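Inside the fold
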Amino acid sequence: MNKKKLLSLGGALLLGTYFLFAQKQPVDYVNPLMGTDSKISLSNGNTYPAIALPWGMNFWMPQTGKMGDGWAYTYASDKIRGFKQTHQPSPWINDYGQFSIMPMTGRLRIDQEQRACWFSHKAEKATPYYYSVYLSEYNLTTEIAPTERCAYFRFTFPETKDAYIVIDAFDRGSYVKVIPEENKIVGYTTRNSGGVPRNFKNYFVIEFDKPFTFNKVWADYHTVEKHLELQSNHVGAAIGFSTKKGEQVHAKVASSFISPEQAELNLKEIGKKTFEQTKEAGRKAWNDVLGRIKIEDNDENRMRTFYSCLYRSVLFPRMFYEVNAQGETVHYSPYNGEVRPGYMFTDTGFWDTFRSQFPLTNILHPTMQGQYMQALLDAQEQCGWLPSWSFPSETGGMVGNHSISLLTDAWVKGIRTFDPEKALKAYAHEAMNKGPWGGANGRVRWKDYYQLGYIPYPESMGSTAQTLEYCYDDFCAYQLAKMTGNKFYEEVFARQIYNYKNVYDPSVGFMRGRKLDGSWADFDAFEWGGPYCEGNAWHYNWSVFHDVQGLIDLTGGDERFVAKIDSVFALPGIVKYGTYGTKIHEMLEMELAKMGQYAQGNQPIQHMIYLYSYAGQPWKTQYWIRQVMDRLYNSSENGYPGDEDQGGMSSWYVLSALGIYSVCPGTDEYVLGSPKFRKATITMEDGKKFVIEAKGNSKDNVYIQNATLNGKRHTRNYIHYSDIVNGGVLELQMGNQPEKTRGTAKEDRPFSLSK
């Protein structure tokens, strides 16, 4: 073939590729199955296909696991037991307010084991706004199109006199009523994983478009005669039809945490729409949200990974509010059981999400973030404590008092929908008391923290992690007080913002467990647990988000600090079980990553790579960020390096792929990394656009050679929030060799308390 023909063919292929991408919209790249090939011993995301709208009150999923199993959908499973309404943020804490719907043909099967049906991923289609699967043993297809509080089901049956649909309201207290004359089933489920008010119920209503030829209620998998209404530990309903070949039966489903009447009202989200109209409305909603970031790239796999992560970044926190008959926004309080005015959000753990998800939300969705900030203070009024891990009520899970990080980060970025004095008072209560729930509800041994300047070990497991995170949180409170002119709280919290120094032992060069008498606890940098939480000394040494320069000084200067970070990657992936006594999944995930002691699969170390830019070597940030994105993320069922964690892991990727990251929420800076794409355009709520253009970007060209911001030379290793939201252009010239003269001056370094 001659050169002219080769050039012509190459041009045609490029044009064809461009045309193919041009036809796709952002939601078309999303794979909701990303990360679903997980189990207790190894997490590739611990996700499930959430068929939902952004931040939807209800999600839907195909249920492969048994009732009550946190791993409710796993990619390796080959049977579906039902299609479940779910509110599960993580398999580790399970679910609440769930019930399921399961169609079948032939003999009526109520028991979850007997009704389970074979399926294949080849006959499964999952998008955020639509799910479809063929159930081979029943020769029928189930389709789902969600709204925020409803779902539209479409069942396509074969010709049969024995077509059934089983409603399972789950155990631990449920109610169901069949109303044949209205083709309707109503009920409620109380199934939860603890901590909810005594009056907690999820009320549901299901309306069918075909009269029933069979209807029963059942308890404990046995049908009950002469009754169409039943309340017991575990109840449900079964209805039946005669169907023609290919006949479609539709069901509109809505639920409410407020009342049965509100559930009926919520059905208006579907109203008179057809299934296809509901599906298309969901598609549009997703494209509106995902389209806020436009990626230009010629690799579909990279596009799929990015938009699949962006999809996960806007599932949580969950909107936990409804609209009443008067058009008012109201919510059932998961804290005190009252129906209250205003917005409420839930199902997120701030230890997982303060680092990445909320700094991303502040850029893309400041209105929603403003609603949430006020809701945090409303939650505090309702239960007496700021949330740390809500599900739907407060669980107190993990470490730290990170509500203050969210509140301060919002305020510093101009999202000022709440009373800062109330926020500071609420935080002071949090910081000077211990609540009744988990380790992050108030403060463990808070008096020791103020008197000694650290949390002692072994009096508190995870003590060093607690000290470091309390110290950062106190910095956030100090920041908020300083910005709002509150001298009292500024002085109160200024005293603790350097407490990280009290757990740094220069003799070993690490943050270390410290005893009540001031002496150091036994130490092994590779040992997990003890004074650390889900990590070891190599992971927690970097948790000084607000004063990296201070940490550099403790370490002995720039060169020693950089060498320390280098060591994380150079060391073997040694794991010592420590106080865990066995291998937990985070340990295995670090080993499988083959990046030494770097553990992207969990939160404590995820910001570390960006710290090179605080020590005069930003090119190492650029190299390692691209390594992590290239090696540890993809859009498949094995796509995450660990637990996805309510958008936390995904938001890290989204920000990093854009080339920015918020190392210290509570300041207005985003540290520069290395963009994954040649061009990204972020559209703000007000229509302004911020363009990140990485010229010459490629798999090898990961290093920033020079940069301009709005046409002016930019040497700093960060940009401000205002640079982004006011619109503009960040232009980067990329190359395959480090540019060691750019971004090396002291004034190019991001924020630190110490100078």
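Residues numbered from 1 in each chain as written. Predicted model: local features only at pLDDT ≥ 70, side-chain atom pairs only at ≥ 80, totals over all residues. Heavy atoms only, no water.

**Some remarks on the packing of aromatic side chains**
In the structure shown here, the tally under the stated rule is 57 aromatic pairs. Taken together, a centroid distance of 6.5 Å and an interplanar angle of 40° make the contact between F475 and Y478 tilted. One end of the pair is F475 and the other is Y478, both in helix α12 (residues 463–483) and three residues apart, which spans about a single turn. By the burial criterion, F475 is buried, and Y478 matches it. Pairing F510 with F523 gives two aromatic rings, centres 5.5 Å apart and planes at 40°, and the pair type is tilted. Note that F510 is positioned in strand β28 (residues 510–511) and F523 in the loop between β28 and α14 (537–540), a separation of 13 residues in sequence. Members of the aromatic cluster, connected to one another through ring pairs, are W60, F99, F153, F155, F157 and F204. Directly above the ring of W351 sits R355, whose terminal nitrogen or CZ lies 5.0 Å from the centroid. If you follow R514 out to its NZ or CZ, it ends over the ring of W520, 4.8 Å from the centre. (Phe/Tyr/Trp six-rings, centres within 6.5 Å; stacked < 30°, edge-to-face > 60°. Helix = DSSP H or I, 4+ residues; strand = E, 2+ residues; numbered from the N terminus. Buried < 20%, exposed > 50% of the residue type's maximum accessible area, 1.4 Å probe, protein only. Lys NZ or Arg CZ within 6 Å of the ring centre and 35° of its normal.)

**Looking at the nonpolar core**
Ranked by size, the top nonpolar core spans 239 residues in total, and within it F153, I185, F208, F306, Y598, W652 and L658 carry the most contacts. Per-element accounting of this core gives the leading share, 11 residues, to α12. Discounting chain neighbours no more than four positions away, the residues touching F306 are I293, I295, Y653, V654, A657, L658 and F677. (Core = buried A, V, L, I, M, F, W, Y, C linked by side-chain atoms within 4.5 Å. Contact = heavy atoms within 4.5 Å.)

**Some details on the pairing of strand β18 (residues 247–256)**
Counting buried positions along β18 yields eight of 10 residues, so the element is predominantly enclosed. In this structure, strand β9 (residues 150–157) lies alongside β18, joined through eight bridges in antiparallel fashion. Paired with F155 across the bridge in β18 is V249. Bridge count for strand β13 (residues 202–208) against β18 is six bridges, and the pairing is antiparallel. Bridge pairing in β18 links I206 to V253. (Pairing = 2+ DSSP bridges.)

**Regarding the state of the cysteines**
Under the counting rule described, the total for this entry stands at zero disulfides. The closest cysteine sulfur to the non-disulfide-bonded C664 is located on C476, 6.1 Å from its own sulfur. (Disulfide = S-S within 2.5 Å.)

**Describing the sheet that holds strand β23 (residues 339–341)**
Here we have three strands laid out as an open sheet, ordered β21-β22-β23, and antiparallel in their pairing. This sheet does not close on itself; its edge strands, each paired only once, are β21 (322–323) and β23. As paired elements, β21 and strand β22 (residues 329–332) share two bridges and run antiparallel to each other. For E322, the partnering residue across the bridge sits in β22 and is V330.

**Focus on the side chain of K413**
Take K413: it is sitting in the loop between α9 (403–412) and α10 (420–431). Residue classification places K413 among the buried residues on the basis of a relative accessible area of 6%. At a separation of 2.9 Å, a polar atom in the side chain of K413 contacts the side chain of Y670. If we ignore the near neighbours within four places in the chain, the residues touching K413 are P359, N362, S662, T667, D668, Y670 and Y721. (Polar contact = N/O pair within 3.5 Å; in protein donor to acceptor, adjacent residues only side chain to side chain.)

**Quick word on the packing of helix α8 (residues 366–383) against α9**
Viewed as axis vectors pointing N to C, α8 and α9 meet at an angle of 140°, and their least axial separation amounts to 10 Å. By the angle class used here, α8 and α9 are oblique. Two packed elements cross with a definite hand, and for α8 against α9 that hand is left-handed. Across the interface between the two elements, Y372, M373, L376 and L377 of α8 pack against S403, L406, L407 and A410 of α9. (Axes fitted to C-alpha atoms, helices over the stretch in contact; angles between N-to-C directions. Parallel < 35°, antiparallel > 145°, perpendicular 65-115°, else oblique. Left-handed = near helix turned anticlockwise from the far one by under 90°.)

**A short note on the confidence of the model for the chain**
For the chain, mean pLDDT is 96; residues scoring 70 or higher make up 97% of the total. Highest mean pLDDT in the chain belongs to strand β8 (residues 140–146) (99); lowest belongs to helix α1 (residues 3–23) (48). Residue range residues 3–10 is modelled with pLDDT below 50. Its contacts to residues more than four positions away, or to other chains, number one contact. Contacts for the low-pLDDT stretch residues 12–20, under 50 throughout, to residues beyond four places or in other chains number zero contacts. (pLDDT = per-residue confidence, 0-100.)

**Let's talk about the pattern of salt bridges**
Using the criterion set out here, one finds 39 salt bridges in the structure. Note that R340 is salt-bridged to E338, the shortest N-O span being 3.4 Å. According to the relative accessible area criterion, R340 is partly exposed, its value standing at 25%. Measuring nitrogen to oxygen at the nearest pair gives 2.2 Å for the salt bridge that ties K676 to D630. Linking K676 in the loop between β30 (669–672) and β31 (679–683) with D630 in helix α18 (residues 618–632), this pair joins segments that are 46 residues apart in sequence. Classification of K676 as buried rests on a relative accessible area of 10%. Given a relative accessible area of 26%, D630 falls into the partly exposed group. Three or more residues are tied together by salt bridges with common partners; here these are E182, K184, E207 and E264. (Salt bridge = Lys/Arg side-chain N within 4 Å of Asp/Glu carboxyl O.)

**A few points about unusual backbone geometry**
Backbone torsion omega between F316 and P317 reads 0°, so that peptide bond is classified as cis. Locating P317 in the fold gives a position in the loop between α5 (300–313) and β20 (318–319). In this structure, the amide linkage connecting Y457 to the following residue, P458, adopts the cis form with an omega of 10°. Among the structural elements, P458 can be located in the loop between α11 (446–452) and α12.

**Considerations on the sheet that holds strand β10 (residues 160–168)**
Pairing between sheet strands relies on hydrogen bonds along the backbone, with the strands arranged either parallel or antiparallel. Read from one edge to the other, the open sheet built from seven strands follows the order β1-β3-β4-β10-β17-β14-β15, with strand pairing classed as antiparallel. Lying at the two open borders of the sheet, with one neighbouring strand each, are β1 (59–63) and β15 (222–224). Within this sheet the neighbouring strands show an average axis-to-axis angle of 30°, counted without direction. Bridge analysis of strand β14 (residues 214–219) against strand β17 (residues 235–243) gives six bridges, and the strand direction is antiparallel. Bridging across to β17, K216 finds its partner in A238.

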